[in-house]
Amino acid sequence: MHMIESGNVAAATGVKLARAGVIAAYPITPQTPLTEKLSEFVASGQMEAEYIPVESEHSAMAVCIAASSAGARAFTATSANGLLYMNEQLHWAAGARLPIVMCVANRGIGAPWTVWNDQQDSMSQRDGGWIQLYANDHQQIIDSVIKAFYLAEFVSIPVMVCYDGYLLSHTYMPFEQPDQTLVDGFLPDFKPKNALDPENPSNFNTVTLPDVRPDIHGNIAPGYMEIRHCLHQDMRKAMMVLEEIDMKFQETFGRGGHPFVEPYLCDDADHVVVSVGSLSYHFRDVIDLLRKEGVKVGVMGIQLYRPFPDKAIVDALQGKSSVFVFEKALSYGNQGPLYADIKAALYPCDNKPAMHNYILGLGGREIKTAQLLETVRTACSKPKWLGDTPIWLGLKCQE
Amino acid sequence: MKQDDFSTLISRSDPGPGDGGRTGSWRVLRPVIDLGACIPSKTNKRACFNCWFYCPDGVVSKTIPPVIDYEYCKGCGICAEECPAGAISMIEEAHFMEEKNDECI
Amino acid sequence: MENKTSILNLTEDEFVHPGNRACAGCGLGIVYRTALKALGKNTILVVPPSCLTVLQGLYPIAAAKLPCLNVTFASTGAAATGVRAAMRSLKKNDVNVVAFAGDGGTGDIGIQALSGACERGDDILYICYDNEAYMNTGVQRSGTTPQGVVTTTTPITGKLQSKKDVPSIVAAHKIPYLATASAAYPLDLYDKVKKAASIKGPRYIHVHTPCPPGWGFEPRYTIKVGKLAVETGLFALYEMENSQLRLTGPSKKMLGKPRLPVTDYFKSQHRFYSLGNDLINDLQAQVDHAWDAYVIHQ
């Protein structure tokens with residue numbers, strides 16, 4: 001069915017189609033309309049789920065952690081400071097291997113307060129053990145949510161589906177709503193191996209000692225290091241599963257094909273722009289204009305940020321003359337996180353491209369096509385290393 | 001890939017005794033029941049059982065006579081304190097070690 | 001409440017294994033053992049960091065024979081809600097969902113999640129064992145530490161502020177069942193847990209729980225010290241249903257009768273050593289005032 005709706009409603013519709021059993025909801029701009037839509041789905045009987053209007057994001061993730069531990073398909077959504085308020089819970093969910101799915105409508109972090117879009121919130125959670133998917137448009141939001149449940153439950157790792165606040169969360173775009181029966185056929189039931197059960201009592205997330213220790217049968221049980229090692233190994237292997245899920249999704253729904261990175265006019269390009277989220281689609285206009293000028297440039301959007309798809313990125317970027325990484329996030333005192341990751345991935349290559357790092361759009365600062373056009377045009381004409389200090393675009397009234 | 005290729009290893013613990021080891025070794029004083037004074041033992045009736053009831057570790061049996069599991073009894077002395085007949089004495093473990101040593105000789 | 005259970009008919013089923021890591025004479029040991037007997041097998045526990053985390057065992061061995069979810073410190077109430085939501089979603093409605101937290105985990109860091117669950121009317125039983133300080137980290141003051149108590153973060157003078165009245169805060173949510181209990185009166189606790197388990201909606205039991213090393217008394221006196229708190233009137237045992245407070249058990253029997261002076265309780269523990277006469281008189285006056293109110297309301 002064709003719909004014209006907001007990105008938040010696309011996300012909510014994906015959650016309904018995936019038949020989440022427990023939803024924890026706490027309002028925060030710009031995610032709030034997603035939460036409101038889910039409450040409407042549940043109250044009107046369009047969706048059978050336990051809707052818990054919690055008193056904080058910390059509790060939202062607590063509800064998801066507990067519900068998932070007890071064997072229910074759990075969902076929540078948040079933005080910005082809400083995501084940061086969950087911080088310890090995010091690490092907890094990953095360490096407990098709980099396949100929670102959460103939407104993050106990306107927003108800048110205070111102080112100072114901003115309700116507008118950048119990606120500092122989810123980028124700053126990249127080390128917590130969550131899989132991070134980024135959607136570039138409304139179709140990708142709804143599709144990613146459905147795929148996220150599949151992926152999370154297959155690999156027992158929580159998944160964040162991130163999309164730009166306002167730019168995607170509040171804008172209206174046409175998209176295809178997948179058919180419920182097809183989704184039911186696509187997405188397997190959630191059957192966790194670890195679930196709280198009075199018939200089979202055990203204690204979850206028990207305190208661990210630094211070393212391994214025998215269990216009640218005298219067998220040595222793995223310890224904290226082993227549990228965390230498995231998480232890392234499985235996170236890496238999850239990329240193969242995402243690829244398979246994406247193929248299956250394509251067979252069922254006719255969409256997909258770029259689970260890791262989404263290149264646009266990159267094959268013959270000398271220069272490649274890399275960015276995350278809606279900005280990568282914004283750049284397509286810029287690329288089209290530059291192509292008309294004869295500049296051989298393409299753009300690549302990052303669809304999966306954790307686990308980091310280093311192989312796909314290296315395959316796409318090695319041998320290029322230059323790579324320009326545009327980011328709406330920064331590791332303060334260093335570089336953009338994506339820039340640092342791509343640079344590290346390219347380190348072993350012989351034919352490394354020159355790289356530039358641009359920081360832009362923080363706190364919703366407007367990004368204009370003309371500005372991007374001028375920046376990329378100039379960059380392509382001087383494709384040399386500029387050093388690792390990021391270049392800030394769009395600064396005004398500079399001290 | 002198969003789902004079984006993925007670990008579900010978490011800190012999941014199965015119930016069992018002695019997580020803290022043989023906690024009887026914590027004991028400095030050992031509760032010893034004088035069966036001549038102990039109410040259920042003396043009367044051969046199911047009665048009292050305060051020692052079973054108040055024990056924080058559940059190491060006293062609700063039987064005639066009550067039996068203390070010295071492997072796990074931490075020697076807190078609550079049973080002795082709460083015994084209405086004053087039938088439980090707290091005796092220094094050293095005393096029993098001497099006994100054992102004597103046996104060895 | 002009629003005490004139906006006696007020591008003789010109290011179940012011999014044990015849900016806590018011996019050889020756990022609780023200190024000798026631990027009041028929580030009695031509370032946990034007794035409460036789990038009342039709850040029975042069909043129960044899921046939710047536990048934040050506390051002495052109970054240690055009592056319950058270190059991976060891969062668990063002391064309790066019931067399924068238990070360890071959660072982060074501030075999240076207990078919400079996590080219990082999450083377990084209940086999952087049970088409803090999975091159509092397993094007959095399971096007891098029980099949060100078991102310390103006083104810091106309940107009245108300080110956990111109060112927001114607890115308040116949220118109570119306000120929403122979530123179907124959970126929340127048991128707070130109040131040992132009146134952060135005992136698991138080595139006796140630091142909490143909101144529920146009584147005035148005058150010396151802890152490692154209230155040295156020399158003792159705590160300057162009054163004990164936070166957490167049951168009254170919870171009662172303000174007008175939940176269907178609320179009770180106080182004491183480790184020193186396990187049968188009273190047992191019956192209250194049993195009753196709470198039969199009621200739907202948010203239920204709260206606040207259990208006064210003596211701690212030998214934290215309070216400074218010999219482990220053998222756990223019951224005696226707990227009883228003194230009740231007999232001096234410092235800790236009253238009551239139930240609240242429909243916002244009506246009703247003294248129970250030993251506290252009910254004390255109505256209209258002379259109480260032991262509060263000094264009897266203070267002298268039983270080292271933690272009160274710095275109490276001066278003025279504060280003692282003040283605390284005695286507070287207890288007398290509270291009991292005057294109980295007499296009027298009963």
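This text follows the structure it describes.
Description of the structure in this document. All figures in this text were calculated on a predicted structure; none of them were measured in a lab.

When helices and strands are counted, chain A shows 13 helices and 18 strands. Computed over its C-alpha atoms, the radius of gyration of chain A comes to 21 Å, within 12% of the 21 Å expected for a compact globule of 399 residues. In terms of overall dimensions, chain A has C-alpha extents of about 70 × 50 × 50 Å along its principal axes. Relative to its 399 residues, chain A shows a buried fraction of 60%. A separation threshold of at least 6 residues defines the contact pool for chain A, and within that pool the share at least 24 residues apart is 80%. Summing over all exposed atoms, chain A offers an accessible surface of approximately 15,400 Å²; the carbon and sulfur share of this is 54%. The average position of the 32 basic charges and that of the 45 acidic charges among the side chains of chain A differ by 6 Å.

The subject of this paragraph is helix α1 (residues 7–17) of chain A. In terms of burial, α1 of chain A is largely enclosed, as 11 of its 11 residues are buried. Just past α1 of chain A, the residue arginine 19 of chain A takes up positive phi, approximately 55°.

Time to look at the layout of surface pockets. A volume near 810 Å³ is recorded for the largest pocket. Lining the largest pocket are 33 residues, with Lys163, Asp165, Gly233, Leu234 and Phe235 of chain C positioned closest to its centre. Going through the elements one at a time, α6 (166–171), β7 (203–208), β8 (238–241), α11 (262–266) and α12 (277–297) of chain C are the ones with two or more residues in the lining of the largest pocket. Ranked by residues supplied to the lining of the largest pocket, first place goes to α12 of chain C with 6 residues. In terms of residue class, the lining of the largest pocket is made up of 19 nonpolar, 8 polar and 6 charged. Around the second largest pocket sit 26 residues that line it, and Arg19, Ala20, Gly21 and Glu48 of chain A together with Ser89 of chain C are the ones nearest its centre. Of all the elements in the fold, those that place two or more residues in the lining of the second largest pocket are α1 and α8 (180–186) of chain A together with α3 (76–89) of chain C. In terms of residue count, α8 of chain A provides more of the lining of the second largest pocket than any other element does, 3 residues in total. Among the residues making up the lining of the second largest pocket, the classes are represented as 11 nonpolar, 5 polar and 10 charged.

This paragraph deals with the sheet that holds strand β9 (residues 203–204) of chain A. Taken in spatial order, the 11 strands line up as β2(C)-β1(B)-β9(A)-β3(C)-β1(C)-β4(C)-β5(C)-β7(C)-β6(C)-β8(C)-β9(C) in an open sheet, and their pairing is mixed. Looking at the sheet topology across the chains shown, the edges are occupied by β2 (61–62) and β9 (244–247) of chain C. The pairing of strand β6 (residues 177–182) of chain C with β8 of chain C spans 2 bridges and is antiparallel. Along β8 of chain C, the bridge assignment pairs alanine 179 of chain C with glutamate 239 of chain C.

Turning to empty space enclosed by the protein, a few remarks are in order. Residue and element names in this part refer to chain B. All chains considered together, the criterion is met by 6 cavities of 30 Å³ or more. Quantified by volume, the largest cavity comes out at close to 90 Å³. Lining the largest cavity, in full, are Cys55, Pro56, Asp57, Val59, Val60, Ile68, Cys73, Lys74, Gly75, Cys76, Gly77 and Cys79. A class-by-class count of the residues in the lining of the largest cavity yields 8 nonpolar, 2 polar and 2 charged. There is about 70 Å³ of room inside the second largest cavity. Lining the second largest cavity are Ile33, Cys38, Ile39, Pro40, Cys48, Phe49, Asn50, Cys51, Pro66, Cys83, Ala87 and Ile88. Of all the elements in the fold, those that place two or more residues in the lining of the second largest cavity are α1 (39–43) and α2 (50–54). Within the lining of the second largest cavity, the residues separate by chemical class into 11 nonpolar, 1 polar and no charged.

Here is what the cut-offs are and how they apply
- Residues numbered from 1 in each chain as written.
- Chains lettered and ligands numbered in written order.
- Predicted model: local features only at pLDDT ≥ 70, side-chain atom pairs only at ≥ 80, totals over all residues.
- Heavy atoms only, no water.
- Helix = DSSP H or I, 4+ residues; strand = E, 2+ residues; numbered from the N terminus.
- Rg over C-alpha atoms; globule rule 2.2 N^0.38 Å.
- Buried < 20%, exposed > 50% of the residue type's maximum accessible area, 1.4 Å probe, protein only.
- Contact = heavy atoms within 4.5 Å.
- Areas by Shrake-Rupley, 256 points an atom, 1.4 Å probe, with all protein chains shown as cover.
- Lys, Arg positive; Asp, Glu negative; His and termini not counted.
- Charge placed at Lys NZ, Arg CZ, Asp CG, Glu CD.
- 1 Å grid on protein atoms, 1.4 Å probe; cavity = no way out; pocket = protein on both sides within 12 Å on 5 of 7 lines; lining within 4 Å.
- Points joined across faces, edges and corners; volume = space filled by probe spheres on them.
- Nonpolar A, V, L, I, M, F, W, Y, C, P; charged D, E, K, R; others polar.
- Pairing = 2+ DSSP bridges.

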